[in-house]
Amino acid sequence: MIYEGQICRGPMERSSFMLPVAVGCSYNRCRFCNLFKHLKYRQLPMEQVEEEILRVQALGGDPKTVFLGDGNAFGLETGHLLEIAGKIRRSFPSCRSINMDATVTNIRLKSDEELRALAAAGVGHLYLGIESGLDDVLGIMEKDHTLEQAYEQIQRLRAAGLIYDAHIMTGIAGRGRGLENAEATAEFFNRTRPERIINFSLFLMAGTPLYEDAKAGRFFPASELENLEEERRLLQLMEWEGQRVAYDGFHDCITFRVRGRLPGEKEKMLGKLDGAIKVWKEKEPVFAWAERIPDAVILKE
């Protein structure tokens with residue numbers, strides 16, 4: 001496979017065939033993200049996409065799911081996506097779902113008819129970077145949506161038959177606001193009911209605008225203990241019946257992960273978080289950053 005940049009997809013797509021259809025991210029303005037900053041966004045030629053499909057087919061591949069890369073493949077023109085979906089379904093008869101990342105704006109720019117056509121063509125899971133349930137945090141992070149816009153577009157995609165999944169980031173609200181963010185995000189999920197939730201707990205990556213904000217004292221990151229407590233509160237407050245939701249939460253800095261299905265495995269996940277919280281309460285505060293930011297900056301009031 002010819003691939004430019006860093007491969008990034010949710011853990012629930014680890015068994016999918018990843019098919020590049022674009023390079024980079026057409027939005028590429030989120031203050032915490034450095035995955036695509038070095039890339040100039042462009043759509044890949046259909047000939048290259050088809051060549052990769054045929055390569056996998058020739059090797060005997062017949063994947064049940066296909067994940068379209070890169071940053072927000074759903075932003076591609078609808079006709080182009082439908083053509084790709086047709087090639088996938090003709091080449092891989094076992095394929096049951098074509099999944100990809102999307103933004104709220106990607107959905108808003110497609111008509112109801114386009115959304116229904118994509119669902120009928122086999123597009124299934126759309127992963128939305130919800131990140132936070134607080135409007136002011138979304139604004140600070142330069143996300144492409146408000147909460148009200150997210151509510152509206154999620155309703156539209158679900159009405160069309162598409163499946164809504166969510167990315168979030170504990171710690172994104174900064175120091176002292178974790179529980180507030182957990183409560184707001186839980187309320188958002190209790191209303192919108194995603195099928196999958198992936199929590200990539202905030203990691204300050206060198207070179208991102210948010211990293212520079214932290215260095216300059218404009219953003220004060222939460223400790224990993226705060227992030228664990230935020231995640232616990234989030235899971236505690238998510239309540240619904242008749243639906244199984246897959247949850248996967250990562251804290252790369254402290255190599256901690258909690259995953260399971262809600263609601264059935266909630267108590268097990270809360271117990272694992274309680275154990276981690278107990279351990280980290282006995283330790284010096286740890287902050288997730290790629291290159292050290294002086295403690296005097298991180299910890300100052």
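For the structure, see preceding data.
Quick caveat: nothing in here was measured; it's all calculated off a predicted structure. Residue positions are counted from 1 within each chain, in the order its sequence is given. Local features in this predicted model are restricted to residues of pLDDT 70 or higher, and side-chain atom pairs are both shown and tallied only at a pLDDT of 80 or more, whereas totals for entire chains, interfaces and linings draw on every residue. To obtain the side-chain values, all non-hydrogen atoms of the structure were used and water was disregarded.

Participant: Would you explain the overall build of the protein chain in this entry?
Facilitator: To qualify as a helix, a DSSP run of H or I must reach at least 4 residues; to qualify as a strand, a run of E must reach at least 2; elements of each kind are numbered from the N terminus. Of regular secondary structure, the protein chain possesses 11 helices and 10 strands. In terms of overall dimensions, the protein chain has a C-alpha envelope of 55 × 45 × 35 Å along the principal axes. Relative accessible area decides the class of each residue, using a 1.4 Å probe on protein chains only: under 20% of the type maximum gives buried, over 50% gives exposed, and in between gives partly exposed. When the 301 residues of the protein chain are sorted by exposure, 55% land in the buried category. Expressed as a percentage of contacts within the protein chain between residues at least 6 apart in sequence, the contacts between residues at least 24 apart total 78%. For the accessible areas, the method is Shrake-Rupley and the probe is 1.4 Å, while residue cover comes only from the protein chains on display. Here the protein chain has roughly 13700 Å² of accessible surface; of this, 49% comes from carbon and sulfur atoms. Under this rule, positive means Lys or Arg and negative means Asp or Glu; His and the chain ends count for nothing. Note on charges: their place is set at NZ of Lys, CZ of Arg, CG of Asp or CD of Glu. With 40 positive and 45 negative side-chain charges, the protein chain shows a spacing of 3 Å between the two charge centroids. Here, residues are in contact when the closest pair of their heavy atoms is within 4.5 Å.

Participant: Looking at this model, I keep getting lost on the side chain of Lys143. Mind explaining?
Facilitator: Assignment of secondary structure puts Lys143 in the loop between helix H5 (135-140) and helix H6 (147-159). Residue Lys143 is classed as buried on the basis of its relative accessible area of 15%.

Participant: Please clarify how the nonpolar core should be interpreted in this entry.
Facilitator: General note: in soluble globular proteins, nonpolar side chains tend to be found buried as a group. Residues Leu19, Leu68, Phe74, Ile88 and Phe189 are the most contacted members of the largest nonpolar core, which totals 88 residues. Per-element tally for this core: the top contributor is helix H10 (residues 266-281), with six residues. Excluding residues that lie within four positions of it along the chain, Leu68 makes contacts with Leu19, Val21, Ala73, Leu81, Ile84, Ile88, Ile98, Asn99 and Met100. Only buried Ala, Val, Leu, Ile, Met, Phe, Trp, Tyr and Cys residues count toward a nonpolar core, and they belong to the same one when joined by side-chain atoms within 4.5 Å. Formed by five residues, the second largest nonpolar core is a distinct cluster that contains Met18, Phe67, Ile198 and Phe250.

Participant: For this particular structure, what's the right way to read unusual backbone geometry?
Facilitator: Apart from glycine, the bulk of residues carry a negative phi angle, and the bulk of peptide bonds sit in the trans form. Omega for the peptide link from Gly69 to Asp70 comes to 25°, which places this bond in the cis form. Locating Asp70 in the fold gives a position in the loop between strand S4 (65-69) and helix H2 (78-91). A cis amide bond, omega 0°, links Leu262 with the succeeding residue Pro263. Position of Pro263 relative to the elements: it lies in the loop between strand S10 (256-262) and H10. Within the chain, Glu131 stands out as a residue other than glycine whose phi angle is a positive 70°. Inspection of the secondary structure puts Glu131 in strand S6 (residues 123-131).

Participant: Help me out: how do you make sense of the pairing of strand S7 (residues 163-168) in this one?
Facilitator: Side chains on a regular strand alternate between the two faces of the sheet. With five of its six residues buried, S7 lies for the most part within the structure. The pairing criterion is simple: DSSP has to find at least two bridges between the two strands. Inspection of the sheet shows S7 paired to strand S8 (residues 196-200) by three bridges, in the parallel sense. Bridge pairing links Ile168 to Asn199 in S8. You can see the chain leave S7, run along helix H7 (residues 178-192) and come back into S8, and the turn it takes is right-handed. We call a crossover right-handed when, viewed with the strands running away from us, the connection from the first strand over the helix to the second turns clockwise.

Participant: Whenever I open this one, the pattern of salt bridges confuses me. Can you help?
Facilitator: Pairs can form between side chains of opposite charge whenever their charged atoms are close. Definition used for salt bridges: Asp or Glu carboxyl oxygen within 4 Å of a side-chain nitrogen of Lys or Arg. Evaluated as defined, the whole model comprises 17 salt bridges. Across the salt bridge formed by Arg55 and Glu52, the nearest N and O atoms sit 2.6 Å from each other. Highlighted residues: Arg55 and Glu52, both in helix H1 (residues 46-58), separated by three residues, approximately one helical turn. Take Glu52: its relative accessible area is 11%, and that puts it in the buried class.

Participant: Mind showing me how you'd approach the sheet that holds S10 here?
Facilitator: Note: strands within a sheet are paired through backbone hydrogen bonds, in either parallel or antiparallel orientation. What the eight strands build is an open sheet, ordered S1-S4-S5-S6-S7-S8-S9-S10; its pairing is mixed. In this open sheet, the two edge strands, each paired with only one partner strand, are strand S1 (17-20) and S10. Taking the axes of each pair of neighbouring strands and ignoring which way they run, one obtains an average angle of 20° across the sheet. Lines fitted to C-alpha atoms define the axes here, with helix axes fitted over just the stretch in contact, and angles between the N-to-C directions of these axes take values from 0 to 180 degrees. Contacting S6, S7 and S8, H7 crosses the sheet at an angle of about 175° to S7. Contacts from H10 reach strand S9 (245-251) and S10 within the one sheet, and its direction differs from that of S10 by about 165°.

Participant: Help me out: how do you make sense of the pairing of S9 in this one?
Facilitator: Counting buried positions along S9 gives seven out of seven residues, so the element sits mostly inside the fold. Here S9 shows no split at all, with Val245, Tyr247, Gly249 and His251 on one side and Ala246, Asp248 and Phe250 on the other all buried. Of the pairings in the sheet, the one linking S8 to S9 comprises five bridges and is parallel in character. Each residue of the ladder has a partner; that of Asn199, found in S9, is Gly249. Alignment of S9 against S10, held across seven bridges, turns out to be antiparallel. Within S10, the residue paired with Tyr247 across the bridge is Gly260. A loop of four residues connects S9 with S10, the two strands running antiparallel in sequence, and Thr255 in this loop sits at a positive phi of about 45°.

Participant: Explanation requested: the packing of H7 against helix H9 (residues 224-237) in the structure shown.
Facilitator: Packed helix pairs are characterised by how far apart their axes lie and by the angle those axes make with each other. Their axes nearest at 8 Å, the elements H7 and H9 cross at an angle of 30°. By the angle between their axes, H7 is roughly parallel relative to H9. Between H7 and H9 lies a crossing whose hand is right-handed. Listed contacts from H9 to Gly178, Leu179, Asn181, Ala182, Glu183, Thr185, Ala186, Phe189 and Asn190 of H7 are Glu229, Glu230, Arg233, Leu234 and Leu237. Convention used here: angles under 35 degrees read as roughly parallel, angles over 145 as roughly antiparallel, angles from 65 to 115 as roughly perpendicular, and any remaining angle as oblique. Take the far helix as the reference: if the near one is turned anticlockwise from it by less than a right angle, the crossing is left-handed, and if turned clockwise, right-handed.

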